[in-house]
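Survey of secondary and tertiary structure
One-letter residues, chain by chain:
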Amino acid sequence: MNGATAAQWRKAIAANRLATSADFAVAALGSDKALALGSMDRLKPYANQIMTCIDIAATADGAKNLRVVDLGASCLVIMDNMR
């Protein structure tokens, strides 16, 4: 779904949104840190946070044509600044 728009994201099933969010989490952590987590279950909380952020951003007025990859990048910046 990285090439999808916010409108497409809103229509996607949760499993696809979570998988895309996991891709963002791995990219943000880096493959070494992601592998060090040891399992997808340990990555899932990060992916859920990203998915929730994108879900919220995708419902904003005027967001329907924004690319999911851009929303995901914005969410990662916001989340990093909140740590």
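Cut-offs applied
Residues numbered from 1 in each chain as written. Predicted model: local features only at pLDDT ≥ 70, side-chain atom pairs only at ≥ 80, totals over all residues. Heavy atoms only, no water. Helix = DSSP H or I, 4+ residues; strand = E, 2+ residues; numbered from the N terminus. Rg over C-alpha atoms; globule rule 2.2 N^0.38 Å. Buried < 20%, exposed > 50% of the residue type's maximum accessible area, 1.4 Å probe, protein only. Contact = heavy atoms within 4.5 Å. Areas by Shrake-Rupley, 256 points an atom, 1.4 Å probe, with all protein chains shown as cover. Lys, Arg positive; Asp, Glu negative; His and termini not counted. Charge placed at Lys NZ, Arg CZ, Asp CG, Glu CD. Disulfide = S-S within 2.5 Å. Axes fitted to C-alpha atoms, helices over the stretch in contact; angles between N-to-C directions. Parallel < 35°, antiparallel > 145°, perpendicular 65-115°, else oblique. Nonpolar A, V, L, I, M, F, W, Y, C, P; charged D, E, K, R; others polar. Expected span 1.5 Å × (residues − 1). Bend = angle between axes of the 7 residues up to and from the residue.

Okay, the overall build of the protein chain next. Counting secondary structure elements, the protein chain contains five helices and zero strands. Listing the helices and strands of the protein chain from first to last along the sequence gives α-α-α-α-α. Relative to a compact globule of 83 residues, whose C-alpha radius of gyration would be 12 Å, the protein chain shows 12 Å and is just as compact. Taken along the three principal axes of its C-alpha coordinates, the protein chain extends 40 × 25 × 15 Å. Residues counted as buried form 30% of the 83 residues belonging to the protein chain. Counting only contacts in the protein chain whose residues sit at least 6 apart along the sequence, the fraction spanning at least 24 positions is 63%. Summed over its atoms, the accessible surface of the protein chain is roughly 5,200 Å², and 56% of this surface lies on carbon and sulfur atoms. Taken together, the 9 basic and 7 acidic charged side chains of the protein chain have centroids lying 5 Å from each other.

This part is about the state of the cysteines. Per the stated rule, a full pass over the model turns up one disulfide. There is a disulfide in this structure between Cys53 and Cys75, and the S-S distance comes to 2.1 Å. Residues Cys53 and Cys75 share a disulfide whose torsion about the S-S bond is about -90°; that sign makes it left-handed. Here Cys53 is found in helix H4 (residues 40-58), whereas its partner Cys75 is found in helix H5 (residues 68-81), with 22 residues between them in sequence. You can call Cys75 buried: its relative accessible area is 2%.

This brings us to the packing of helix H2 (residues 14-29) against H4. For any two helices packed against each other, one specifies the inter-axial angle together with the distance between the axes. Relative orientation of the contacting elements H2 and H4 amounts to 110°, with a least axis distance of 7 Å. By the angle class used here, H2 and H4 are roughly perpendicular. Taken together, the residues of H4 that come into contact with H2 (itself represented by Ala14, Arg17, Leu18, Ser21, Ala22, Phe24, Ala25, Val26 and Leu29) are Met40, Leu43, Lys44, Tyr46, Ala47, Asn48, Ile50, Met51, Ile54 and Asp55. Considering only residue class, the contact of H2 with H4 consists of 14 nonpolar, two polar and three charged.

Moving on, we come to H4. Here H4 spans 25 Å end to end across 19 residues, near enough to the 27 Å set by a 1.5 Å rise per residue. At Tyr46, H4 shows its largest bend, some 25°. Those residues of H4 that fall on the buried side of the exposure criterion are Leu43, Ala47, Ile50, Met51, Cys53, Ile54 and Ala58.

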